[in-house]
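Understanding the architecture of this molecule
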Amino acid sequence: MFNQKKILLTSILISYLLFPVVNATATVFEAPDANSNGWGGWTRGDLGTLYAQWEIFSGSQFFPPVDETPDVGIDNVTLARVRDISLGETAQFTGSGNIYNLVEINRIAITITGDSNGPTSGPVQVVAQMATLGTVYDFLRLEGNEADQITVLRSDEGTFTPPGGVGEQPSTNEEILFVWNLPNAQSNYNFEMLASDTSLSFDAFSVDIGPISTAPGPNSVSVPIPIPFLVLAGLLLTIIGWTNSRN
């Protein structure tokens, strides 16, 4: 049984390394900017913020893949880890730096731990951006909770030829923004991503955590004054004016 699994994993490894076509360079994610996004209000590296970003996943461990070295940037973080937690441990790094699983549904855990310069009190806003290729994702959760806001920034339909020579398959290339508003800062921020089916290619991931901005968001609107209140106020002013004219 062990030899059969070893042969399967070796064949998958060879096919992944020889076939990087299912991968693409990730879109450069936006930096936190409250004026344009309605979230953020801080600069990466500020006291009380956390940041980590991957656009190339790599590591010495292939089954399951684990990456603790964000290639784009990291601030105020002692641990930034991306690891595949699929039961069969058949996911792995591709030749162009993604995490791909041909056999099982990808389940990926991301852990962010801040240092002493990170947020120590709330409320805080947690912002994650994720890029995927191939199969669409099922969910991305923080501590088991869905995001307060989910925005699809990019979604393109196309095709790709996965490893194994099974021919062209449909592909959805997505970049999605997730925002959580938390009442308190945490020592660890644990995310979990689940694919909707096999053949999801995990392309890029970033996390920004900082104080919740007091600026109004892009969807905020002024609350209208109820019409009955306006009528009553007008009637009251009329009575006051009539009384003053008689005196």
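Structural notes, computed from the coordinates. (Residues numbered from 1 in each chain as written. Predicted model: local features only at pLDDT ≥ 70, side-chain atom pairs only at ≥ 80, totals over all residues. Heavy atoms only, no water.)

**Description of the overall build of the chain**
Applied cut-off: A helix here means a DSSP run of H or I that spans at least four residues, while a strand means a run of E at least two residues long, and both kinds are numbered starting from the N terminus. A simple rule labels every residue: compare its accessible area, found with a 1.4 Å probe on the protein chains alone, to the largest value its type can have, and call it buried under 20%, exposed over 50%, or partly exposed in between. Residue contacts are defined here by distance: any two heavy atoms, one from each residue, within 4.5 Å place the two residues in contact. Surface exposure here means Shrake-Rupley accessible area, sampled with a 1.4 Å probe, where a residue is shielded only by the protein chains that are shown.
A count of helices and strands for the chain gives three helices and 13 strands. The 247 residues of the chain split such that 41% are buried. Here the analysis covers contacts within the chain between residues at least 6 apart in sequence; of these, 76% occur between residues at least 24 apart. Put simply, the chain shows about 12,800 Å² of open surface, and 57% of that area lies on carbon and sulfur atoms.

**Notes on the pattern of salt bridges**
The condition that has to hold: By convention in these notes, a salt bridge is any Lys or Arg side-chain nitrogen within 4 Å of a carboxyl oxygen on Asp or Glu.
What the rule picks out here adds up to six salt bridges. Across the pair Arg-141 and Glu-146 runs a salt bridge, and its minimum N-O distance is 2.9 Å. Classification of Arg-141 by relative accessible area gives partly exposed; the value is 30%. The class for Glu-146 is partly exposed, based on a relative accessible area of 40%. Taking the shortest distance from any N to any O, the salt bridge between Arg-154 and Asp-156 comes out at 3.6 Å.

**Examining the pairing of strand β8 (residues 124-134)**
As a reminder, the rule being used: Should DSSP find at least two bridges between two strands, the strands are taken to pair.
Of all 11 residues in β8, 11 are buried; the element is thus mostly enclosed. Alignment of β8 against strand β11 (residues 169-182), held across nine bridges, turns out to be antiparallel. Across the sheet, Val-127 pairs through a bridge with Val-179, a residue of β11. Two elements, β8 and strand β13 (residues 200-211), share 11 bridges in a ladder whose sense is antiparallel.

**Observations regarding the packing of aromatic side chains**
Definition in use: Any two rings among Phe, Tyr and Trp, with Trp reduced to its six-membered ring, count as a pair given centres within 6.5 Å; such a pair is stacked if its planes are under 30 degrees apart, edge-to-face if over 60, and tilted if neither.
Applying the stated criterion across every chain yields a total of seven aromatic pairs. A centroid spacing of 5.8 Å and a plane angle of 85° characterise the contact between Tyr-137 and Phe-178, whose relative ring orientation is edge-to-face. Of the two residues, Tyr-137 is situated in strand β9 (residues 137-142) and Phe-178 in strand β11; the sequence distance between them amounts to 41 residues. In this structure, Tyr-137 and Phe-178 share a single accessibility class: buried. Between the aromatic rings of Trp-180 and Phe-191, the centroid separation amounts to 5.6 Å while the plane-to-plane angle is 65°, which identifies the pairing as edge-to-face. With Trp-180 in strand β11 and Phe-191 in strand β12 (residues 188-198), this residue pair connects regions lying 11 residues apart in the sequence. Take Trp-180: its relative accessible area is 2%, and that puts it in the buried class. Relative accessible area serves as the criterion here: at 3%, Phe-191 is assigned to the buried category.

**A short note on the environment of Asp-138**
By secondary structure assignment, the location of Asp-138 is in strand β9. Dropping the residues within four chain positions of it, Asp-138 is found in contact with Leu-194, Ala-195 and Ser-196.

**Observations regarding unusual backbone geometry**
Residue Pro-123 follows Gly-122 across a cis peptide bond; omega there is 0°. One can find Pro-123 in the loop between β7 (105-114) and β8. You will see that Glu-143, though not glycine, has its phi angle at about 55°, which is positive. Position of Glu-143 among the secondary structure elements: in the loop between β9 and β10 (149-160). Residue class for Glu-143 comes out partly exposed when judged on its relative accessible area of 37%.

**Here we look at the side chain of Glu-55**
Threshold: Residues counted as positive are Lys and Arg, residues counted as negative are Asp and Glu, and His and the chain ends are not counted. Distance and chemistry together define a polar contact, namely a pair of N or O atoms within 3.5 Å, with one atom able to donate a hydrogen and the other to accept it when in protein, and with adjacent residues in sequence counting only for side-chain atoms on both sides.
If you trace the backbone, Glu-55 turns up in the loop between β1 (50-54) and β2 (66-67). Here Glu-55 occupies a buried position and makes no salt bridge, while the nearest side chain of opposite charge, Arg-44, is found at 8.3 Å. Of note is the side chain of Glu-55, whose polar atom sits 3.1 Å from the side chain of Gln-53.

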